[in-house]
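# Coordinate analysis (summary)
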Amino acid sequence: MRSLFASALALSVSSGALAGLNVLGIGGAAWAQQAPTDLISRVVVENNQRIEARTVESYLLVRPGDPFDPERIDLSLKTLFATGLFADVLIERRGNDLVVRVIENPIINRVLFEGNSAVTEEKLLEETEAEPRATLTQSRVQQDVQRILEIYRRAGRFAATVSPQYKPLPQNRVDLIFEIDEGPTTGVRSINFIGNEAFSDRRLRSEIVTRQSRWWRFFDSNDNYDPGRVEYDRDLIRQFYMNEGYADFRVTSAVAELTPDQKDFYITYTIDEGPKYNFGEIKVETQLEKLSGERLALVLPMQEGRQYRSKSIEDAIDTITFAAGTAGYANVDVVPQQRRNPDTQTVDITFAVDEGPRVYIERLDIVGNTQTLDRVIRREVRVAEGDAFNRVLLDSARSRIRGLGFFKEVEIEEEAGSTDDRTVVKVRVEEEPTGELGFSAGFSSQDDFLFSLSATQRNFRGRGQFLSARVQTTSRQQDIEFRFTEPKFQDRNLAVGADLFVTQSDFFDLAGFENSIVGAGGRILFPISESDQLGLRYNLRNDDLALDPLLTDCSTAAFFRSSLCDQQGSRITSAIGYSIAFNRTNDFIEPTRGFNLSFSQDIAGLGGDVNYIRTELRGATYYGLFPKIVASATLDLGYIEGWNNDIVRINNRFFKGGNDFRGFDVAGLGPREVQYFVETQTIALNDGETPPEFSVPQFNDDGTPRRNDAGQRLFTSAVRDANGEVQTQTRAFNALGGKAFAIGSLELSFPIPYVPDELGIDGALFAEFGTVGILEDIDRERRADDAFNAFRVDDSASLRASAGVSIFWDSPFGPVRFDFSQILAREDYDRTETFRFSTNTRF
């Protein structure tokens, strides 16, 4: 192994060789002495191995029969060097022969990397240009060395070194080996600010991307020093101050100093805040007939006297552009003219609006989609090549593409076209993982444990298709489910899906039954507007409902015969349904304004053994109070009723709790079979004494009164407290579900103070309230009594409520959620929980 370019294989050319004439071995005077009739008799190529002589001759500017012209021969020499195929070239005259002697550059057999552990070989191969079967040249190798060093620099390893080596092989081939010494990671010891008075160093550090190196940031690379990132942070600081009213703000310097141990950097920003400004006079000037400057000024996101924010100016430009687009002006020029008034510390803004030249889309390019097919993105863009440029339609397209959920970032950019009235629209996306491998676990006050494993691909084969498989097991239920959805069936705006599912439910401890379900279904979904959808579906399933004879006595002699006894057996449900969804939010993924509403109905009885009509309504509204602080309210309503003289079986009723109602266990609220009882004791009384209330005599098998050894009569009597009161107790049995429910929720999501943003921890305060109730008459009438026991079906639709805190952690292995709940209103027989945990991870 030898150093690549210090070896005998010289890959550089001396300036003397490039001079031309002296390389020939004949001075310029000798050329001048040649007779004008001297001609090249033939061209002889020597030392060529892979490259044919005819290929070499094709690069020459002289041919047999041409005179020995020094200038043309010199140009031929330079042309051969410019091909990059040769390490050295010598042209000389031998009699009347022109001899071209070449040394070919070797061919790369393999490109290898040694010593790399922080950066994968795939990443290095992606960034470098050297590849097998390519010609090896010094310039290319040195360029690749710089590219590798840049990769390590971005990873915070400024001490990395790269040494190119080669291993000679037969037939003028080499293995190119980059020996890498990665060196230690160069971190950021501290980030300091000079000149800041309005905001603390801590606050300013939270506004930039670079982070100080700390032990808990082992998953973060932003605590490595990167000069490019420091420059980006300068702009972030400027944007922050400009949005806080400091219109004259500037960063005077950003200095990075290496620590004495040469392991980290100190970064120091020197800033000049300047005074704080408010908005002054705000005007909109336009000559467009369909637009009114006065009316536009009223809808701008800024008011005179309010704090100056540069972001408000950008939002105002978008507002004016959107308003012009809706009025029929596809292209407008909006120029904000700012005039600072240092005396009053105000900034006057005048927006000059004029119709811009009509521009057409020359080309629509999709960039960055490494997995998703182009047509999946293009079908979300409502303009095509040749259409007039329309900013409103492109902004809507960006929102729809983000709504696909396939991309981390979506940007739509414009570039100049081939002429002034042409533009190139680039949709730049950054793919994010669309496969999800999820698991979840939960704990309740009843010590129930849940484990779920699912695999989901929301962008199957890059075609936007949805495919999922889920297996879930708990102490109560086992599920197997497969789902597939084609969102654009036959490239039409029509989604078609199919489902297969098998469920084995064991709700003996909750509702006194178990149910086995096997079924399949189909779905059709199509839009009725840009943000509204109509869906149709059909499901066919078989339910086999069974009771545990040890828990539920269905004999005719039973003291309390449950209504579930009449619902056992197998039933086939054939149901058709529809749903309508309206979305008026500003963002489909993370809404901060607007509302959404959905309504659905399912009708069972078109065949099969079950007849019911189920109706559900869900709505949510969102309001952003401050950046990253969003208040939301949701309401869920549902009702199911049998028809054709059929009752609603327990497996078709609504059961709420768990994720549906935080603070209550699964099926933890709603109608339930309840036993009311009192504790009893045996008392002895003399003949003639009057027994206390809630006492019954005891009898022997032959019907005679039972007595103790003293001859006193024995009675069974209720236990009383110190005040002589009988205490009634409650024992909850089977949950029966309800034919109706109403649940509301209020939530305030926010970033947790003093927690570094890079940890990805956010919180939410919540309050939930609602009820589940209404049963069939046959269920409500079930009851049984004796002296000390009363079995009832409690159908109290009283209000339940809970409040608490949710913690969301965007952990390295996936999002994690913790719910801590406090019950505010409940019935004695409800089942509650105070903690719930769930998580999933993506791939």
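So, here's what we can say about the structure. Values in this document were obtained by computation on a predicted structure and should not be read as measured data.

Strand order in this open sheet of three strands is 8-10-9, and the pairing throughout is mixed. Two strands in the sheet have a free side with no partner beyond their single neighbour: strand 8 (187-194) and strand 9 (250-258). The mean angle between the axes of side-by-side strands here comes to 15°, regardless of whether they run parallel or antiparallel. As paired elements, strand 8 and strand 10 (residues 264-272) share seven bridges and run parallel to each other. Pairing of Ile191 across the sheet is with Ile267, part of strand 10.

Moving on: the pattern of salt bridges. Applying the stated criterion across every chain, the model contains 42 salt bridges. With its nearest N and O atoms 3.5 Å apart, the salt bridge here joins Glu207 to Arg203. Residues Asp499 and Arg483 are paired through a salt bridge, measuring 3.3 Å at the closest nitrogen-oxygen approach. With Asp499 in strand 21 (residues 495-507) and Arg483 in strand 20 (residues 477-486), this residue pair connects regions lying 16 residues apart in the sequence. Linked by salt bridges that have partners in common, Glu46, Glu92, Arg94 and Arg101 make up one network.

As a further point, take the packing of aromatic side chains. Evaluated as defined, the whole model comprises 16 aromatic pairs. Aromatic side chains Phe279 and Tyr308 sit 5.4 Å apart centroid to centroid with 50° between the ring planes, which places their arrangement in the tilted category. Of the two residues, Phe279 is situated in strand 11 (residues 278-286) and Tyr308 in the loop between helix 9 (293-298) and helix 10 (310-326); the sequence distance between them amounts to 29 residues. No difference in accessibility class separates Phe279 from Tyr308, as the two residues are buried. Taken together, the ring pairs in this structure connect Phe199, Phe240, Tyr241, Tyr246 and Phe249 into an aromatic cluster.

A word on the sheet that holds strand 2 (residues 42-46). On the basis of which strands lie adjacent, the open sheet formed by three strands has the order 2-4-3 and mixed pairing. Looking along the sheet, the strands with just one partner apiece sit at the ends: strand 2 and strand 3 (86-94). When the angles between neighbouring strand axes are averaged without regard to direction, this sheet yields 20°. Pairing of strand 2 with strand 4 (residues 97-104), which is carried by five bridges, proceeds in the parallel orientation. Bridge pairing in strand 4 links Val44 to Val99.

Below, the discussion takes up unusual backbone geometry. Non-glycine residue Asn47 carries a positive phi angle of around 70°. Examined against the element boundaries, Asn47 turns out to sit in the loop between strand 2 and helix 3 (53-58). A residue is classified by how much of its surface remains accessible, and Asn47, at 46% relative accessible area, is partly exposed. A positive phi is found at Arg133, a non-glycine position, where the angle reads about 75°. Within the secondary structure layout, Arg133 lies in the loop between helix 5 (121-127) and helix 6 (138-154). Judged by relative accessible area, Arg133 falls into the exposed class, the value being 73%.

This next bit is on the side chain of Arg93. As for its placement among the helices and strands, Arg93 is situated in strand 3. One polar contact links the side chain of Arg93 to the main-chain carbonyl oxygen of Gly95, over a distance of 2.6 Å. In this structure the side chain of Arg93 is engaged in a polar contact, spanning 3.2 Å, whose partner is the side chain of Asn96.

Where nonpolar side chains cluster on the molecular surface, the patch consists of Tyr538, Leu540, Ile572, Ile576, Ile603, Leu606, Ile613 and Trp643 and spans about 660 Å² of accessible area. Taken together, the elements giving at least two residues each to the nonpolar patch come down to strand 23 (532-547), strand 24 (569-583) and strand 25 (593-608). Within the fold, Tyr538 resides in strand 23. Given a relative accessible area of 37%, Tyr538 falls into the partly exposed group.

This part takes up the nonpolar core. Ranked by internal contacts, the top residues of the largest apolar core, which has 24 residues, are Leu300, Met302, Tyr308, Ile320 and Phe351. Of all the elements in the fold, those that place two or more residues in this core are strand 11, helix 10, strand 12 (332-341) and strand 13 (346-355). The leading source of residues in this core is helix 10, at five residues. Among all residues touching Met302, those that are not within four sequence positions of it are Phe279, Ile282, Ser312, Ile313, Ala316 and Phe351.

Along its 17 residues, helix 6 runs 25 Å from first to last C-alpha, staying within 8% of the 24 Å computed at 1.5 Å per residue. On its buried face, helix 6 is in contact with strand 5 (107-114), helix 5, strand 6 (161-169) and strand 7 (173-181). Just beyond helix 6, the residue with positive phi is Gly156, at close to 85°.

Once that is clear, we can look at the side chain of Asp97. Turning to its location among the elements, Asp97 is positioned in strand 4. The buried category is assigned to Asp97, whose relative accessible area is 14%. A distance of 3.0 Å separates polar atoms of two side chains, one belonging to Asp97 and the other to Arg42. Not counting residues within four places of it along the chain, the set of residues in contact with Asp97 comprises Ser41, Arg42, Val44, Phe68 and Glu92.

Attention shifts here to helix 4 (residues 70-82). Its 13 residues give helix 4 an end-to-end C-alpha distance of 18 Å, which sits within 8% of 18 Å, the value for a rise of 1.5 Å per residue. Inspection of helix 4 places Ile73, Asp74, Ser76, Leu77, Leu80 and Phe81 among the buried residues, and these make up the whole buried set. Seen along its axis, helix 4 keeps its buried residues to an arc of 155°; they face one direction. Counted as exposed and oriented over 90 degrees from the buried face of helix 4: Glu71 and Ala82. Count one or two residues on from helix 4 and you reach Gly84, which has phi positive near 75°.

This brings us to the environment of Thr270. As for its position among the elements, Thr270 is in strand 10. Along the backbone, Thr270 and Ala254 are 16 residues apart, and their C-alpha atoms lie at a distance of 6.4 Å. Residues contacting Thr270, with those up to four places away along its chain left out, are Ile194, Val251, Thr252 and Ser253.

Now for the environment of Gly368. On the secondary structure map, Gly368 appears in the loop between strand 14 (360-367) and helix 11 (374-378). What makes Gly368 partly exposed here is its relative accessible area of 34%. Each C-alpha atom of the pair Gly368 and Glu409 lies 10.0 Å from the other, and the pair is 41 residues apart in sequence. Residue contacts for Gly368: discarding those within four places in its chain leaves Val429 and Glu431.

Across seven bridges, the pairing between strand 5 and strand 7 is parallel. By the bridge assignment, Ile107 is partnered in strand 7 with Arg173. Across nine bridges, the pairing between strand 6 and strand 7 is antiparallel. Residue pairing across strands places Gln165 opposite Ile177, the latter belonging to strand 7. Remark: three residues form the turn of the hairpin made by strand 6 and strand 7, two consecutive strands paired antiparallel; Gln171 in that turn has positive phi of roughly 60°.

With twelve bridges joining them, strand 25 and strand 26 (residues 612-626) adopt antiparallel strand pairing. What sits directly across from Ile603, in strand 26, is Ile613. From the end of strand 25 to the start of strand 26, which pair antiparallel, there are three residues. Relative to strand 27 (residues 629-642), strand 26 runs antiparallel, the two sharing 14 bridges. Note on strand 27: the bridge partner recorded for Ala620 is Thr634. Where strand 26 folds back onto strand 27 in an antiparallel hairpin, the turn is made up of two residues, including Lys628, whose phi is positive at roughly 70°.

What counts, and where the lines are drawn
- Residues numbered from 1 in each chain as written.
- Predicted model: local features only at pLDDT ≥ 70, side-chain atom pairs only at ≥ 80, totals over all residues.
- Heavy atoms only, no water.
- Pairing = 2+ DSSP bridges.
- Helix = DSSP H or I, 4+ residues; strand = E, 2+ residues; numbered from the N terminus.
- Axes fitted to C-alpha atoms, helices over the stretch in contact; angles between N-to-C directions.
- Salt bridge = Lys/Arg side-chain N within 4 Å of Asp/Glu carboxyl O.
- Phe/Tyr/Trp six-rings, centres within 6.5 Å; stacked < 30°, edge-to-face > 60°.
- Buried < 20%, exposed > 50% of the residue type's maximum accessible area, 1.4 Å probe, protein only.
- Polar contact = N/O pair within 3.5 Å; in protein donor to acceptor, adjacent residues only side chain to side chain.
- Patch = residues over 30% accessible without salt bridge, like charges linked within 9 Å, V, L, I, M, F, W, Y side chains within 5 Å.
- Areas by Shrake-Rupley, 256 points an atom, 1.4 Å probe, with all protein chains shown as cover.
- Core = buried A, V, L, I, M, F, W, Y, C linked by side-chain atoms within 4.5 Å.
- Contact = heavy atoms within 4.5 Å.
- Expected span 1.5 Å × (residues − 1).
- Arc of directions from axis to C-beta.

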